[in-house]
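Topology and contacts: notes
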Amino acid sequence: MSASTTATLRHDWSLAEVKALFVQPFNDLLFQAQTVHRAHFDANRVQVSTLLSIKTGACPEDCKYCPQSGHYNTGLEKEKLMEVQKVLEEAARAKAIGTTRFCMGAAWKHPSAKDMPYVLEMVKGVKALGLETCMTLGRLDQDQTEALAQAGLDYYNHNLDTSPEFYGSIITTRTYSERLQTLAYVRDSGMKICSGGILGMGESLDDRANLLIQLANMPEHPESVPINLLVKVAGTPLENAEDVDPFDFIRMLAVARILMPQSHVRLSAGREAMNDQTQALAFFAGANSIFYGDKLLTTANPQANKDMQLFERLGILPEAGEGHSDEVHQAAIEQALVEQKSSEQFYNAAV
């Protein structure tokens, strides 16, 4: 299959086709992915987001990978929903170092009626700062989805995590169909979808392919596709899971890029364990979005200054968001690199 034929949008991928992409020679796969990437994006731009845990711990879900699940003893303290003003302060700090999208995550099965007004105020306040907004709050009903859209939420994150076939081995407290229903509500509301999965949970190649097929064969591709590498946390059932071969992780990114040419493919959780060379290969394979800051919800993430130093070495620039000129964006980042050497910027909510 030539790179040119995969630069167009498709929604009818078969398992045989996707597995054929995975198993082709590594250099051929990366060449194909890079060709598709350049047809739709500036290959030297990466979108930069910051993720804040606005409510940490004691989640009723039993996701085997998650330190926030109340089913496992991981030493993580339960915290209440952050105050709106504190969230806005963190968003302002994120904007000051060049973030264009501020993502807020809560450890809920679904948002409660009493918490929704505060969540909506967070969305409105972050939007007023000139940032794109994203939230992950668990399952949504139609009314909650429409309320978030009316408040101005740009993206809703709701990962599928893995294939439908393997899903029951990882989560039993929420069905795959419930996840798909939430994504359908989000799409119908006019918000953008952020949805991806996790590698390293014991899944097969078929599972990895079928996860991407679920995403790529949606009527509209998710605008953002986070590909996470399992962060093994003591106390979770997957704390001793087998490591993922870095080349297999890069293959996942490359195939995601080929299947969803216009989506931002996000190099997400697990970057703390990746060296610079692996991250450089990830960008070459078509990853063009990252989270930066000190933490990704409750697990470590490379610090922003380290990310920007790698960007400089690779000749990569952060993708400018709405309301950000390149000059203003770059100046904010350069100033932040100086300030971050002597101060901690993020995530007092998850300490």
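Residues numbered from 1 in each chain as written. Predicted model: local features only at pLDDT ≥ 70, side-chain atom pairs only at ≥ 80, totals over all residues. Heavy atoms only, no water.

- In the nomenclature of an unreviewed UniProt entry, the protein chain corresponds to Biotin synthase from the organism Pseudomonas fungipugnans.
- Per UniProt, the comment on the protein chain under Catalytic activity (unreviewed entry) is "(4R,5S)-dethiobiotin + (sulfur carrier)-SH + 2 reduced [2Fe-2S]-[ferredoxin] + 2 S-adenosyl-L-methionine = (sulfur carrier)-H + biotin + 2 5'-deoxyadenosine + 2 L-methionine + 2 oxidized [2Fe-2S]-[ferredoxin]".
- Entered under Subunit (unreviewed entry) in the UniProt record, the comment concerning the protein chain runs "Homodimer." (UniProt positions renumbered as here; feature names shortened; annotations may be inferred.)

Points about the confidence of the model for the protein chain
- In the predicted model, the protein chain carries a mean pLDDT of 82, and 79% of its residues have values of at least 70.
- Predicted confidence is poor over residues 1-6, with pLDDT under 50, and the contacts of this stretch with residues over four places away or in other chains come to 13 contacts. (pLDDT = per-residue confidence, 0-100. Contact = heavy atoms within 4.5 Å.)

Concerning the UniProt feature "binding site: [4Fe-4S] cluster" (unreviewed entry) in the protein chain
- Under the UniProt annotation, "binding site: [4Fe-4S] cluster" (unreviewed entry) lies at Cys59, Cys63 and Cys66.
- Topologically, Cys63 is positioned in the loop between β1 (45-55) and α3 (84-96). (Helix = DSSP H or I, 4+ residues; strand = E, 2+ residues; numbered from the N terminus.)

Quick word on the pattern of salt bridges
- In total, this model carries 17 salt bridges according to the counting rule given.
- Residues Glu178 and Arg139 are paired through a salt bridge, measuring 3.8 Å at the closest nitrogen-oxygen approach. Taken as a pair, Glu178 in helix α7 (residues 176-189) and Arg139 in the loop between β3 (132-136) and α5 (142-151) lie far apart in primary sequence, 39 residues in all.
- The closest approach of N and O atoms between Glu203 and Arg208, which form a salt bridge, is 2.8 Å. Considered together, Glu203 and Arg208 belong to a single accessibility category, that of buried residues.
- One salt-bridge network, held together by shared partners, links Arg10, Asp12 and Glu17. (Salt bridge = Lys/Arg side-chain N within 4 Å of Asp/Glu carboxyl O. Buried < 20%, exposed > 50% of the residue type's maximum accessible area, 1.4 Å probe, protein only.)

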